[in-house]
Structure formats: C-alpha cells, structure tokens
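What the coordinates show
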Amino acid sequence: MSETPEFNTGGHSDRQEISTPRLHAASDGGFEDLHRLITATLEDPNAAEHSELAKRLAADRRAQDLYVEYIQDTSALRAHALCEIDDGTPPTSTSSRGLAHGTESLTPGMSLGARMARQAGSRLAIAAGLLLMIGGALFSGQWLPFGAAAGDIATIVRVTDVAWRGDEQPEMRPLSRISSGQSLEFESGQLEIVFDTGVELLVTGPAAMSINSPLRVSASRGAYTARVGERGKGFTIDTPATSVTDLGTEFGVSIQSDQKTGVVVFDGAVDVTPTEQIDERNRQSPIRLTQGEAVAVSRGGDTHRIVAMYAGEYPTVAGRPGAGATPECLFEDVTDNLTSSGSKKFYRVVPRGFGEDTRAFVDRGHEWNGVDRSGMPEFLIGGDYVMPFNDNKFLDGLEVTFQLRSACDLYVLFDKNMAIPEWLQERFDDTGYSVGLDHGRGPFTGKAVTQLGPGQGINDEFSVWKRHVDGACEIVLGGAEMPTDKQLGWNMYGVVAVAHPKSEAAR
Amino acid sequence: MGLDDNQREFVRLIAATERRLSAYILTMVPNYNDADEILQETHVRLWEERDRYEHGTDFAAWATRVAYYQVLTWRKKRGRQRLVYSDELVRDLSSRAEASNKQLGDRHEALLLCLSELSDRSRQVLASVYADGKRIKDIAASSGRTAESLYKLVQRLRVTLKNCVEQRLGEARA
C-alpha cells in the first residue's frame, strides 16, 4: 500500500517501518507522522495538518520534545541548504562566500517592509536591521546569514590594506564568512577575523594560514594575536616550530622562521608545545607561559626569553595601542639583568602610545590615567612608552637599561607610596605633576575592572620625574626598595620618552 | 570606520545566537516567512536595546527573552482568529525549546556529521527541499519525479538523520 503524498486530512499511516534500531521508545510511526504534519504546516499554514499538529502537541508532551528537535534540525538543514544552493559548491571550498540572494545595497531610510520586499526569498542577515540603526550602509550590500551555513565558522571583520596573494584568491570583504578548511594568504596588510566561538584573531602580513576548525588555525607565515574568551579556550595556533594553545587569554605568535616562533602572552596563559616534542617518545609537558611572558621557541624545544617586544611586531587586537606599522621609536632597545635568573617576562615598547587608559604593565590589567578629570599632563600624551612587568620589581640589584635613539625628555612615573631610590633622586627632577593608576585584573587585585577616562577609579598616584637626554645614549635605571610598612599598592615605575619639538620634525 | 569596539562585539554576539533564535522562533511560529520576519524584528530590538546589555552576562538568555516577546507581539497582531497554537501551547513550546537550546551546538554538530554520511544525491535532495521553502509538489514536478516518491525520500532521509543524530549524541554522552 502506498502513502498518498497529498496532504489529506485525518488518518495517519498504518505502516510500521522498523528499519534501524533507535534509542527512543516512540515508534517510527510517531516520528513519521510528526514529519508529515510539520512538513505540511511549513508548506502551508492554512493546511488542516496545522490544527492536527497543534492538537497532537497539546496532548502529548513526548511529541513536544520530538517536535522541538525536529524544528531544530529543520532550521539547520535550511541554513545548510542555503549555502549549498548559493554557489553550487560544497561549503568547504575556498570560493568567496560573500554573495547572498539579492545584491542591492541597503540604504538608510528604507523601511523594513521595503527592504524585506527587495530581499524576498532570501534569508535576511542580521546586519540589515543594524544598518538602519547605525544610519547608513557600512559596506555595499552583500550579506550572508551569520552563523547559519554549515562549515562557516568565522567572519572577517576588518581588512586593512591587504594585498592578497595570487589571483585564485578571491577578495574577502568585511563580513565575508570563512569556512572550515579555508586558506588565506596575503603579502601585506592586516586582517581581523572573529570566530563564531568568540575568538578574535588579528593577522599581520606577509601571512599564510588555514582555518582548520573553530578552535584551530595552522600557519606557516605571519604574526598573529589572538584574544580568546571563555568559549574559545583551547584555541590553538600551529606553526612550523611549535603549537600554541591558549587557556582563555590574549596572546601573540610571530613566525620567525621554520625553526622558530615567538610567543607573547598579553593576558591569561598559553601552553606551548614545540613541534619536535609532539612525538610520543620525546613527550615532555608543554611549557606554560603566563601574562607578561615572552619566549622564542625552536622546534626542538629550546626557548629563550624575548626581552623587549615592540608593539607593531605583534599585531594588537583592536582597541590597543600600537596597531599597524612601527613608527620610529625613541627607545631603540630595552634590556635588563634578569635573563639568567630564568625570568621570561618582557618589556613592551609602545611607540607614540602613551595616553589615557593605556596599559601600564605587561602582567597586569592596570591602566594609566589622569589623577582627576582634567586629565594627564599634556606633555606626556603621545609619548613613546615602555610597559614593564609588575612582578620582580623588588629584585635586589635590578638594572633596566634603556637605549635611546636620540635627544628627548625622559620621564619616570614613580609610585608615591614608595621611597624614592637614589638613582631617581640624583639623576631626575620631580616635575610636580602626577599620573594615576587605575587597577585592573591582577594577582593581588583579583578581578578589578578598569574605568574609562581620567579621574575615574584611580587607585594609586605616581609622581612624574624628568630628565633631559642630549642625544643617543644608554640610561640604566634601578629597582625599587621593598616598603617595610605597607603590603599592597606597590608598583613598578613607568617610563615615557617624548621627543623635543625641534627634533620632532627630524623623526 | 563604521563600528566601534562595543558595537562590533555586539554584532558578534548577535551573530553567535542567530541559529539558536531562528530555531526557537520557528518552534512557536512554524512558518519560514513569519519566523524570519520575527527574527529580524528581534535583531532590531536587540540592537536598539544594546545599552541595556551588561557585558559578561548571558547574552543568549536575554536574546531569547526578547525573541519570545516578539513572538507574542506577532501573535497579538495576527489576531486570535487566525492563530492555531494556543497561548498555553506556545508557553510550553517556548520553555521546551529554551531548555533544549543548551544542547543545540552538540546537536548541530552531530547533524552536520550525519549529513556528511549521506550520499551527494541525498544531500542535494534535502538542499532543494529546504532551501527556499518550495512545495515538494513543485520541486518534484521540475525534477521529473513524482511528488509521492520525493515525499517518501525526504521522510526516509529525516528518519535516518534523526536516528544518526541521536546515536551520536548518545555516544557522546556515554
């Protein structure tokens, strides 16, 4: 007996097709029947099956569960189907996914109804609604349903002066989707990608990479900064020399060669597994790096400390200073005498980066701010500055050497809670100005959150000391004395260099 | 250009929940066009209210509540006469769908794996049926098969997929 496909009312199939073993008590007949009713309803809301479906669901809680799951699967199939139909190739190809039905650009002032009419038959991407709100088309109107298509796992969010390699590579626009298995290769410029898991990846060319999965990228060239939230834990970047797995963090990876990869941890922690140690016999535990640490890792597992890291070498995720090319910096190099003690901490040099809400230390979330609403001293803003680490500040005999490129004013920001060391007193002048520190996350401040702007949430005050530097030279600064009466609120000093107006022109 | 950091983050959050919201709405409003429109309204609403959202809190839960409200609004506009699902049923379905959403990621992953196990032909059939909400009758006509055979094929494929998905989920839990 054959079933009639015309969706007539009443009566359900009395065929019991037992083909495969199943986990649920409900017989195939139940599921098949629901399928019939739902299919009819989806095709035509006026079908009689719609009422029958409602009755069935109201009467049977088990049917409701099946129904909910069926709809979930249907929704997924629908989204998946769209991408199959779109360009006729399976989702894992490298063809551009940037096309959707209806390519008119969306302009402000179009009513919701008009836009929907224009795109009738196509799935509206979320940004259509956003456009109206932001008041203007951000990009000319080719939208994709986000997160909907199978195999799509990330979105390109920003493309800055990217020179794509080869002609076979399609041009990827902002909001283009990237699918699992897709490769990207470009000669210069910067790309920002956001995974559906929330991982943000900033890539600086020349770069060659492929997106293997929502949590794994492999790369043979380029510099990468990943900012990973809770959901992205376990995000891994494979490079020729080593694998870097994050643990809920922000970190940078720079492929220096086939044999060496630089790894820098801005926030959180990562596990680093050198390639040649991945083989079972040789297996050692991965190297754990925490916030403020930087090492260059070789294939065989040797590591050496990266002492100074220039913002610009490692791309920074949007919102942090130093993104883009490195302008000439007054600090030619920064070194200290801690390497032999096993420290992996690094100094971060940020050209032209000093200002409100800039990060003070590589191993804390604290930020510099003006002590009150009137803001920081003007003469400091835009200066080149060095982010040291807040751990190890009390190390006896600490010496930090700053190599300066040319004449400038050198400033030391010193915590008012601390006794002024001789090296500061003798070689610098107290300007009388102050800068504040707004505490962020750290081992002693827990989950403190920084505030935005001068005078907000200032926890510590620093006095500004100045010394004029006549020309290229080396300046050695010392450590600070451990205070005897207070336990908290002790900070490493900050260092800022500002060019003279005359020599500005020469820069 | 265009978006600032917070806005970009918000867009990303919306993108991440789209699939879940889409299925959620379709559950209570089993019609593609209506559900799409409600989803769109939800996005607009979420964007309008973005300042209300506190970063770090459960975005999906909030977005789901907003979607639910949009469904109710749509039902009200439609008028009692034309509604098939009762208020009570919609409430039940809503809580069931929300509870089931926790598993959505796993289920979706399992479904994709199961899809990849089907033949190319089978996948194409599913794609043509689910891509544009055309009637099976019409698709059959244009492809030279009988509506009856296409209907049976789709049914069989859905059963296969369902069993496969449940098997995978069952294994995953074991």
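Model, not experiment: these values are computed from the prediction. (Residues numbered from 1 in each chain as written. Chains lettered and ligands numbered in written order. Predicted model: local features only at pLDDT ≥ 70, side-chain atom pairs only at ≥ 80, totals over all residues. Heavy atoms only, no water.)

1. Digging into the overall build of chain B
The secondary structure content of chain B amounts to 8 helices and 0 strands. Ordering the α and β elements of chain B from the N terminus gives α-α-α-α-α-α-α-α. Counting the 174 residues in chain B, one finds 53% classified as buried. Within chain B, contacts between residues separated by at least 24 positions form 67% of all contacts whose residues are at least 6 apart in sequence. Accessible surface, chain B: about 8,800 Å² in total, of which carbon and sulfur atoms supply 45%. (Helix = DSSP H or I, 4+ residues; strand = E, 2+ residues; numbered from the N terminus. Buried < 20%, exposed > 50% of the residue type's maximum accessible area, 1.4 Å probe, protein only. Contact = heavy atoms within 4.5 Å. Areas by Shrake-Rupley, 256 points an atom, 1.4 Å probe, with all protein chains shown as cover.)

2. Examining the packing of helix H3 (residues 59-78) of chain B against helix H4 (residues 87-100) of chain B
For any two helices packed against each other, the geometry comes down to the angle between their axes and how far apart the axes lie. Residue and element names in this part refer to chain B. At a closest axis distance of 12 Å, the pairing of H3 and H4 adopts a crossing angle of 160 degrees. If you check the angle between H3 and H4, you find them roughly antiparallel. Relative to H4, H3 is oriented so that their crossing is right-handed. Listed contacts from H4 to Thr64, Tyr68 and Arg75 of H3 are Asp87, Val90, Arg91, Ser94 and Glu98. Of the residues belonging to the contact of H3 with H4, the class tally is 2 nonpolar, 2 polar and 4 charged. (Axes fitted to C-alpha atoms, helices over the stretch in contact; angles between N-to-C directions. Parallel < 35°, antiparallel > 145°, perpendicular 65-115°, else oblique. Left-handed = near helix turned anticlockwise from the far one by under 90°. Nonpolar A, V, L, I, M, F, W, Y, C, P; charged D, E, K, R; others polar.)

3. Here we look at unusual backbone geometry
Residue and element names in this part refer to chain A. With omega at 5 degrees, the peptide bond leading from glycine 205 into proline 206 counts as cis. Looking at where proline 206 falls in the secondary structure, it is placed in strand S4 (residues 200-213). A positive phi is found at aspartate 161, a non-glycine position, where the angle reads about 50 degrees. Residue position: aspartate 161 is located in strand S1 (residues 152-164). A residue is classified by how much of its surface remains accessible, and aspartate 161, at 68% relative accessible area, is exposed.

4. Some points on the confidence of the model for chain B
For chain B, the mean per-residue pLDDT works out to 86, and 95% of the residues sit at or above 70. Across the interfaces of the predicted complex, the ipTM metric reaches 0.95, alongside a pTM of 0.45. (pLDDT = per-residue confidence, 0-100.)

5. A look at empty space enclosed by the protein
For the structure shown, the criterion picks out 11 cavities of 30 Å³ or more. Of the voids in this model, the second largest cavity is the one considered here, and its volume is about 130 Å³. Forming the walls of the second largest cavity are 14 residues, and the residues nearest its centre are Thr39(A), Leu42(A), Glu43(A), Tyr32(B) and Tyr130(B). Put simply, the parts of the chain that give the lining of the second largest cavity at least two residues each are helix H1 (28-43) and helix H3 (61-87) of chain A together with helix H6 (120-131) and helix H8 (147-173) of chain B. (1 Å grid on protein atoms, 1.4 Å probe; cavity = no way out; pocket = protein on both sides within 12 Å on 5 of 7 lines; lining within 4 Å. Points joined across faces, edges and corners; volume = space filled by probe spheres on them.)

6. Topic: the pairing of strand S20 (residues 400-404) of chain A
Residue and element names in this part refer to chain A. Judged by how many residues are buried, S20 sits mostly within the fold: 4 of 5 residues are covered. Pairing analysis gives 5 bridges linking strand S15 (residues 331-336) to S20, with the strands arranged antiparallel. Note that in S20 the partner of aspartate 333 across the bridge is glutamine 403. Sheet topology places S20 next to strand S24 (residues 473-477); 5 bridges connect them, and they run antiparallel. (Pairing = 2+ DSSP bridges.)

7. Some points on the sheet that holds S24(A)
Residues and elements named next belong to chain A. With antiparallel pairing, 3 strands are arranged side by side in an open sheet as S15-S20-S24. Each having just a single partner strand, S15 and S24 make up the two edges of the open sheet. Adjacent strand axes in the sheet meet at a mean angle of 20 degrees, parallel and antiparallel pairs treated alike.

8. With respect to the sheet that holds strand S21 (residues 408-415) of chain A
Residues and elements named next belong to chain A. One open sheet holds the 9 strands; their spatial order is S14-S16-S19-S25-S21-S23-S22-S18-S17, and the pairing between them is mixed. Pairing within the sheet leaves two strands with one partner each, and these edge strands are strand S14 (308-310) and strand S17 (358-359). The sheet contact formed by S17 and strand S18 (residues 367-369) spans 2 bridges and is antiparallel. Bridging from a neighbouring strand, arginine 359 pairs with glutamate 367 of S18.

9. Some details on the nonpolar core
Membership of the largest hydrophobic core comes to 72 residues, with the highest contact counts inside it found for Tyr67(A), Leu46(B), Phe59(B), Tyr85(B) and Tyr130(B). The biggest single contributor to this core is H8(B), with 11 residues. The next biggest cluster of nonpolar side chains, apart from the first, holds 60 residues, and it includes Ala308(A), Met309(A), Trp368(A) and Val469(A). (Core = buried A, V, L, I, M, F, W, Y, C linked by side-chain atoms within 4.5 Å.)

10. A look at the pairing of strand S19 (residues 384-387) of chain A
Looking along a regular strand, one sees the side chains alternate between the two faces of the sheet. Residue and element names in this part refer to chain A. Of the two faces of S19, the one lined by Asp384 and Val386 and the one lined by Tyr385 and Met387 are each fully buried. The pairing of strand S16 (residues 347-350) with S19 spans 3 bridges and is classified as antiparallel. When the sheet's bridge partners are listed, valine 350 is paired in S19 with tyrosine 385. Summarising the sheet, S19 and strand S25 (residues 494-499) pair through 3 bridges and their orientation is antiparallel. When the bridges of S25 are listed, aspartate 384 appears paired with alanine 497.

11. A short note on the state of the cysteines
The full count for this structure, using the stated rule, is 1 disulfide over all chains. Linked covalently through their sulfurs, Cys114(B) and Cys164(B) form a disulfide whose S-S length is 2.0 Å. Measuring handedness by torsion sign, the sulfur bridge of Cys114(B) and Cys164(B) sits at about -85 degrees and is left-handed. Of this pair, Cys114(B) sits in helix H5 (residues 104-117) while Cys164(B) sits in helix H8, and the two are 50 residues apart along the sequence. Each member of the pair, Cys114(B) as well as Cys164(B), carries the same accessibility label: buried. For Cys408(A), which is in no disulfide, the shortest distance to another cysteine sulfur is to Cys473(A) and amounts to 7.4 Å. (Disulfide = S-S within 2.5 Å.)

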